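Chain by chain, the residues run as shown.
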Amino acid sequence: HVQLVESGGGSVQAGGSLRLSCAASRASYTSCMGWFRQAPGKEREGVAAIDSDGYTSYADSVKGRFTISRDNAKNTVYLQMNRLKPEDTAMYYCAAALGMRWATLLSADYHYWGQGTQVTVS
């Protein structure tokens, strides 16, 4: 079992930046880690993912603005979000796909989820 705790959400003006963090309760360096988001009335969507080798995937809507990274020594995954837009407003969730060998953005591939952190862009 893996517990995931997100932090770093908040309110920011359009064009601003936020950095989300996701701390895992145990080593997850063999897992793919991902960030997802869900806005009210919308389906959850994959935002970014990083596999154990550091390869990354991004949703088209965030390419060039968001960067996912991981620090395996700290069991932590980050999502640096720059040039934020109002349409980025959502609850952001961290997730772990144990044993997944590639950076998948499919939520069905993930086994563990955090509680989420709210990001509001005005």
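A few points on the structure. All of these numbers come straight from a predicted model, not from anything done at the bench.

## What about the overall build of the protein chain?
The helix and strand inventory of the protein chain stands at zero helices and 11 strands. Ordered by position from the N terminus, the helices and strands of the protein chain form the series β-β-β-β-β-β-β-β-β-β-β. A globule of 122 residues ought to have a C-alpha radius of gyration of about 14 Å, and the protein chain, at 13 Å, matches this closely. If you line up the protein chain on its principal axes, its C-alpha atoms span 35 × 25 × 25 Å. The contacts of the protein chain with a sequence gap of at least 6 include a subset with a gap of at least 24, amounting to 59%. When the accessible surface of the protein chain is summed, it comes to about 6200 Å², and 47% of that surface belongs to carbon and sulfur atoms. When the 12 positive and 10 negative side-chain charges of the protein chain are each reduced to one mean point, those points stand 4 Å apart.

## So, the pairing of strand E1 (residues 4–7)
Burial along E1 is one-sided: Leu4 and Glu6 are buried, while Val5 and Ser7, pointing the other way, are not. Note: E1 against strand E3 (residues 18–24), four bridges, orientation antiparallel. Opposite Val5, over in E3, you have Ala23 as the bridge partner.

## Thoughts on the nonpolar core
Grouped together as the largest cluster of nonpolar side chains are 29 residues, with contacts concentrated most on Leu4, Trp35, Leu79, Met81 and Tyr92. Looking at this core, the elements with two or more residues in it are E3, strand E4 (32–38), strand E5 (45–50), strand E7 (66–71), strand E8 (76–81), strand E9 (90–97) and strand E11 (117–121). Leu79 has contacts with Leu18, Arg19, Leu20, Trp35, Val47, Ala48, Phe66, Thr67, Ile68 and Tyr92, leaving out every residue within four places of it along the chain.

What counts, and where the lines are drawn
Residues numbered from 1 in each chain as written. Predicted model: local features only at pLDDT ≥ 70, side-chain atom pairs only at ≥ 80, totals over all residues. Heavy atoms only, no water. Helix = DSSP H or I, 4+ residues; strand = E, 2+ residues; numbered from the N terminus. Rg over C-alpha atoms; globule rule 2.2 N^0.38 Å. Contact = heavy atoms within 4.5 Å. Areas by Shrake-Rupley, 256 points an atom, 1.4 Å probe, with all protein chains shown as cover. Lys, Arg positive; Asp, Glu negative; His and termini not counted. Charge placed at Lys NZ, Arg CZ, Asp CG, Glu CD. Buried < 20%, exposed > 50% of the residue type's maximum accessible area, 1.4 Å probe, protein only. Pairing = 2+ DSSP bridges. Core = buried A, V, L, I, M, F, W, Y, C linked by side-chain atoms within 4.5 Å.

Interpretation note: all reported values are geometric properties and have no functional meaning in isolation.
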